[in-house]
Amino acid sequence: MRTPPLSRLRGDRPPSSTLLTRARHGARRLAVTVAACLLAAVLPATAHAEPGAPTSAPMIYEAEDGELQGVTIGSAGTGFSGTGYVEGFDAADDQVVITIPDNPGGLFDLTLHYRAPFGAKVTSMLLNGKGAGDVPLPESDVFATADAGRVLLAPGENTIAFRSNWGWYHIDAISISPTPPRGPHQADGVPSDPQATAEARSLLRYLTDNYGRYMLSGQQDMGSVAWVEENVGRAPAIAGLDMMDYSPSRVERGTSSREVENALAWHERGGINAFVWHWNAPTGLIDEPGREWWRGFYTDATTFDVAAALADRQSEEYALLIRDIDAIAAELSRLQDAGVPVIWRPLHEAEGGWFWWGAKGPEPAKELYRLVYDRMVDHHGLHNLLWVWNSLDPAWYPGDDVVDIVSADIYPPAGDHSPQSQAYERLLELVDDKKPVALSENGSIPDPDLMKAYQVDWSYFTTWSGDFVNGGVHNSREHLKHVYGHENVITLDELGDFAHHGGCTADWKVIGDWDDGHLVRVTVTNDGDEPLSGWRVGANRASGVPLDEHWNARLDVTEAGWSAGNLGWNGALQPGQAASFYLKWGTAEPGGLSPSPSCQAR
């Protein structure tokens, strides 16, 4: 249901425009934003793939055996497998095409074996000649591995190519292994703010209940929302809006905004509001050609030092930070007074460094995020917000206690509708699958059919404005109609009353021993403000741990998890009411049980 990479070109416009468009250099942006990470393991030099080899174990394919286009085989380095590695990748079209023969087909995890001695790099991946996302290559002087996400292989022969993007790296080999089925998601729908309003709680519960089943459609900018409705025939569920022109350093130069009025009107239509804040620097705007004051959210357009401001809470710069936060809080309070919940995404794309709030590294960015959270929630009493963290790198993550949703901003090559599983899996791992994962900005929209095949469950997407939605290159009208008409995509007319959405929680307790296992009682509670007509509980299941018997529920068991639904007589629950069902957990220890089963209201 969603996902792309991270390079985009946007043209900035003066503040009189209601759109925000941003000029970015694709390779730089892609490399920095996606470059999350990660563990590097030296490639074992012994395993090789043979035609017809079993798919139960990882299979390795050497890059030097592939088709070379503008690249060469090197062997001067040490630690590579096979007879060498592929090097070069200095021209845009340089690539190596690796053939996977005689594959049974299906979904596979792909690992890229590489070396990047000249700094962090990015390679573009193609599956059978079509874009399959970009792979970040953290700097490494030795041969290491990078998670390349998942690939859906056709039966028979397949090709996987790696093209330059941000070049000058070495590719040694790839390895693939079958992807295990995904169990139920573990997001519990409990907001980080204990005093969250009923509407905010209901919205998060709505997102959580639909997470893994449906993807919500979204569109940035009200003008583009109207274009979608007119040209596609259906309206998005989510409107993407911006607090940018409420920033004090813009207001004092004459800007004004009606985004709060837009949000109020969209709420009246039954839609969900998602706000970002392109925070113009509080001071230090350079204001010269190419770095005008209205570009003041960019690092290169301001001298403002966020680390220095946070380090001295008696400084004028720190006081200006507080002034700006208070100004935006005043606008958000207008929405709270009207009962409007907001998906709130401050300090987006921090790890990229192109915005001033991320220019000094992860620690100041995390400190500033927490300052915004504390000032808005504790000082101003804003409890209508669902807080979105918008970076992939674990080093930048501010903590589960101040985050409700994690997300990525991904801009793949035009027309690349792959599910972008690399970014999705990293975000899933970042929060241990305990929070919904969203595509908070995108260019090309992922194909919902591919998302299903790849087990990628973006909670929602929000396509950027202008050419990204109406130019016909990133998203054709045929593709837009395919997405907006898809059975797994929720549009405005299908939302329902998300602000008063019923919900449930589930917990379990071992209540007795039974032969060589345990008797487990699972209690489902309606913790919402509306009656429920049914419920479904699910959790992961450790491999080899059997579920032998069950009572008072319909049980479905898979290799990776289990889910249980109500029977006809115990599904209806009034607010505060609970129902229980029982499982015989066939193991000497109950460790195979998830500590917090998910619960979806019906």
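Check the entry above for the structure.
Residues numbered from 1 in each chain as written. Predicted model: local features only at pLDDT ≥ 70, side-chain atom pairs only at ≥ 80, totals over all residues. Heavy atoms only, no water.

**What about the sheet that holds strand S5 (residues 95-103)?**
The sheet built from five strands is open, its strands ordered S2-S5-S10-S7-S8 with antiparallel pairing. In this open sheet, the two edge strands, each paired with only one partner strand, are strand S2 (67-69) and strand S8 (130-137). If you compare each strand with its neighbour and ignore which way they point, the axes differ by 25° on average. Sheet strands in contact with helix H9 (residues 421-430) are strand S7 (121-127) and S8, and its direction is about 45° off that of S8. (Pairing = 2+ DSSP bridges. Helix = DSSP H or I, 4+ residues; strand = E, 2+ residues; numbered from the N terminus. Axes fitted to C-alpha atoms, helices over the stretch in contact; angles between N-to-C directions. Contact = heavy atoms within 4.5 Å.)

**Focus on the environment of Gln422**
As for its position among the elements, Gln422 is in helix H9. Sequence spacing of Gln422 and Asp134 is 288 residues, and the spatial spacing of their C-alpha atoms is 8.1 Å. Not counting residues up to four positions away in its chain, the partners in contact with Gln422 are Met125, Ala132, Gly133, Asp134, Val135, Asp147, Ala148 and Gly149.

**Things to note about the sheet that holds strand S28 (residues 578-585)**
Judged by pairing direction, the sheet is antiparallel, and its four strands sit side by side in the order S22-S23-S28-S25 without closing on themselves. Of all strands in the sheet, those bounded by a partner on one side alone are strand S22 (504-514) and strand S25 (547-551). The sheet shows a mean angle of 25° between the axes of neighbouring strands, direction not considered. The pairing of S25 with S28 spans four bridges and is classified as antiparallel. In the strand pairing of S28, Glu549 is matched with Lys584.

**Comments concerning the pattern of salt bridges**
Oppositely charged side chains can pair when the atoms bearing their charge come close. Taken as a whole and judged by the stated rule, the model has 22 salt bridges. Asp401 is the salt-bridge partner of Arg370, the closest N and O atoms lying 2.6 Å from each other. Residue Arg370 is located in helix H8 (residues 362-379), and its partner Asp401 is located in the loop between strand S17 (385-389) and strand S18 (405-410); the two are separated by 31 residues in the primary sequence. Arg370 sits in the partly exposed class, given a relative accessible area of 29%. (Salt bridge = Lys/Arg side-chain N within 4 Å of Asp/Glu carboxyl O. Buried < 20%, exposed > 50% of the residue type's maximum accessible area, 1.4 Å probe, protein only.)

**Topic: the nonpolar core**
Nonpolar side chains tend toward joint burial in soluble globular proteins. Counting 113 residues, the largest nonpolar core has Phe162, Trp279, Leu332, Trp344, Leu368, Met376 and Trp458 as its most contacted members. Grouped together as the second largest cluster of nonpolar side chains are 26 residues, Ala200, Val225, Ala235 and Phe498 included. (Core = buried A, V, L, I, M, F, W, Y, C linked by side-chain atoms within 4.5 Å.)

**Points about unusual backbone geometry**
Despite not being glycine, Asp221 shows a phi value in the positive range, around 80°. Along the chain, Asp221 falls in the loop between strand S13 (218-220) and helix H3 (222-232). Look at Asn552: it is not a glycine, yet its phi comes out positive at around 70°.

**Structural notes on helix H5 (residues 259-268)**
Among all positions in H5, only Glu259, Val260, Ala263, Trp266 and His267 are buried. The arc enclosing the buried residues of H5, seen along the axis, measures out at 120°, which places them on a common side. Gly270 lies just past H5 and shows a positive phi near 95°. (Arc of directions from axis to C-beta.)

**Some thoughts on the packing of aromatic side chains**
To describe a pair of aromatic rings, you give the distance between the ring centres and the angle between the ring planes. Here the structure, examined in full by the defined rule, presents 20 aromatic pairs. Seen from their ring centres, Phe80 and Phe143 are 6.3 Å apart, and the 75° between their planes marks the pair as edge-to-face. In this pair, Phe80 is assigned in the loop between strand S3 (72-74) and strand S4 (85-87) and Phe143 in strand S9 (residues 140-153), connecting sequence segments 63 residues apart. Pair check on accessibility: Phe80 and Phe143 agree, each one buried. Residues Tyr424 and Trp458 carry aromatic rings whose centres are separated by 5.2 Å and whose planes lie at 75° to one another, so their mutual orientation is edge-to-face. Of this pair, Tyr424 sits in helix H9 while Trp458 sits in the loop between helix H10 (448-454) and strand S20 (461-463), placing them 34 residues apart in sequence. Neither residue differs from the other here; Tyr424 and Trp458 are each classed as buried. (Phe/Tyr/Trp six-rings, centres within 6.5 Å; stacked < 30°, edge-to-face > 60°.)

So, to be careful, I would describe these as geometric facts and stop short of saying anything about function.
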